[in-house]
Structure formats: C-alpha cells, structure tokens
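Chain residues, written in single-letter form:
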Amino acid sequence: MPRFATIVISIALVGCTTTDETAEQIGARARGYRDLDQINARAFLTAQHQGNPLVNVWADELAGDPYRALSTGSSAPGAILEGGMLVKEMLDPDGGAPLLTVMVRQPAGYDPVNGDWWYGRLNADGSATNAAFVGKVGFCIGCHSGAAGGDHLFGVAADNLTP
C-alpha cells in the first residue's frame, strides 16, 4: 500500500512540475523578447488590446519568417513549428513597462481546434499578469479564432515589415 501511494504522489507532482516549468520557461523566453527578431518597422495601433493599443511584434527563429510570410499573404496554416514564439509588446501610453501578449506553438494535440497555441498575458519580467491568463485563455482564443485561415494569427501590414 505505501508503494502505491508513493507512485500516485509522484505522478501528481510530475504533472504539476511540467506545467509550471513550461509556463516559467515561456516567461523566461518572453522576458528576453528584445533579443528576438522585431517584425514591424514602426509601432502600430491595434484594436484588440484596449488600454495598450500601440504595439510591436517580436518573433523567435522558428516564427519570424513564417509570420512575415503570413503578413504578405504567402504563408500556410501550421507554418510556425512547435516551440515557435511570437511576442506582442503592448506599450504603456504613460511610458511605463509594457505588457506582453505571447503565443507559443505547442505539440500537436495540445489544443487542435485552436491551432495548438499557448497564450499568455505577461508582465515585462515574464510573469503572468494573472494566473488565469496563461495557457488556453478564452478571450485570446475568442479573438484569434477569427484568424483561423491564417493559423490563428493576425499579420503586420506588409508596408510595416522589417527586412
């Protein structure tokens, strides 16, 4: 009986640790977003993020080229590979630290109906603004489902892309 209890506890801890580590790793990667590839040449207004409507978009090496291709109309859904990350820097109108919205492509099966994307609304230090705003976030999914033909992504205007 004690051995069985130990196995059950170990399985429960592994599940929690994996989830926590993934969120922490994503937050750590997002915190360094300014070392990623900036997609847009100039900050631009977006209607999706009230309160912080002026944004910049950053992408890691797995997401940059496919995201640029989406913005020019030449990308196919699924082009951003597992682990690919996009960070939208939402600038504070008063000059304070930005908020970050983050999307990371997860392994197939994570959330297939919604493109297997992990969503997060993070502080500039990579921590969640609210524990409910990381993972399968309803208000993120609701908005991004409108862009399903573009891999649940909204592009940047082609005339605002960095080279």
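Definitions and limits used
Residues numbered from 1 in each chain as written. Predicted model: local features only at pLDDT ≥ 70, side-chain atom pairs only at ≥ 80, totals over all residues. Heavy atoms only, no water. Buried < 20%, exposed > 50% of the residue type's maximum accessible area, 1.4 Å probe, protein only. Helix = DSSP H or I, 4+ residues; strand = E, 2+ residues; numbered from the N terminus. Pairing = 2+ DSSP bridges. Salt bridge = Lys/Arg side-chain N within 4 Å of Asp/Glu carboxyl O. Core = buried A, V, L, I, M, F, W, Y, C linked by side-chain atoms within 4.5 Å. Contact = heavy atoms within 4.5 Å. Lys, Arg positive; Asp, Glu negative; His and termini not counted. Polar contact = N/O pair within 3.5 Å; in protein donor to acceptor, adjacent residues only side chain to side chain. Disulfide = S-S within 2.5 Å. Phe/Tyr/Trp six-rings, centres within 6.5 Å; stacked < 30°, edge-to-face > 60°. Lys NZ or Arg CZ within 6 Å of the ring centre and 35° of its normal.

Here the focus is the pairing of strand β3 (residues 54-59). Most of β3 is tucked away, with 5 of its 6 residues classed as buried. Both strand β1 (residues 37-38) and β3 contribute to a ladder of 2 bridges, which runs antiparallel. Across the sheet, D37 pairs through a bridge with A59, a residue of β3. In this structure, strand β2 (residues 44-45) lies alongside β3, joined through 2 bridges in antiparallel fashion.

Counting across every chain of the model gives 4 salt bridges. Residue R29 is joined to D60 by a salt bridge in which the shortest nitrogen-to-oxygen separation is 2.7 Å. Highlighted residues: R29 in helix α1 (residues 2-31) and D60 in the loop between β3 and α2 (64-71), separated in sequence by 31 residues. In this structure R29 comes out as partly exposed when scored by relative accessible area, which is 34%. Overall, the relative accessible area of 5% leaves D60 in the buried class. A salt bridge links R68 to D37; the nearest nitrogen and oxygen atoms lie 2.7 Å apart. One end of the pair, R68, is in helix α2; the other, D37, is in strand β1, and 31 residues separate them in sequence. You can call R68 buried: its relative accessible area is 13%.

The next thing to look at is the nonpolar core. In this structure, I39, Y67, L86, Y119, L153 and V156 are the most contacted members of the largest nonpolar core, which totals 21 residues. Only β3, α2, β4 (85-90), β5 (99-105), β6 (117-123) and α3 (138-144) provide two or more residues apiece to this core. Ranked by residues supplied to this core, first place goes to β3 with 3 residues. Not counting the four nearest positions on each side in its chain, L86 is found in contact with W58, A59, A63, Y67, I80, T101, V102, M103 and L153. If you look at the next biggest cluster of nonpolar residues, it comprises 11 residues, including I26, M85, V87 and W118.

A separate point is the side chain of D116. Its location among the elements puts D116 in the loop between β5 and β6. Within the buried set, D116 has no salt-bridge partner at all; the shortest N-O distance to an opposite charge, 5.5 Å, is to R105. A polar contact is formed between the side chain of D116 and the backbone nitrogen of D111, at a distance of 2.7 Å. Contacts of D116, omitting those with residues within four sequence positions, involve V104, R105, Q106, P107, A108, G109, Y110 and D111.

Between two cysteines, a covalent bond joining their sulfur atoms is known as a disulfide. Per the counting criterion, the structure on display carries 0 disulfides. Looking at the unpaired C140, the closest cysteine sulfur is the one in C143, lying at 8.2 Å.

Turning next to the packing of aromatic side chains. Each pair of aromatic rings is reported with the distance of its centres and the angle of its planes. For the coordinates displayed, the defined rule picks out 2 aromatic pairs. Summarising the aromatic geometry, the rings of Y33 and W58 are spaced 5.5 Å apart at their centres and angled 75° between planes, so their arrangement reads as edge-to-face. Taken together, the positions of Y33 in the loop between α1 and β1 and W58 in strand β3 put the pair 25 residues apart, joining distant regions of the chain. Here the two residues Y33 and W58 agree in accessibility, since each one is buried. When the ring of F133 is compared with that of F139, the centres are 5.0 Å apart and the planes differ by 85°; the resulting orientation is edge-to-face. F139 sits in the partly exposed class, given a relative accessible area of 49%. Between the NZ or CZ atom of K136 and the centre of the ring of Y110, over which it lies, the distance is 4.9 Å.

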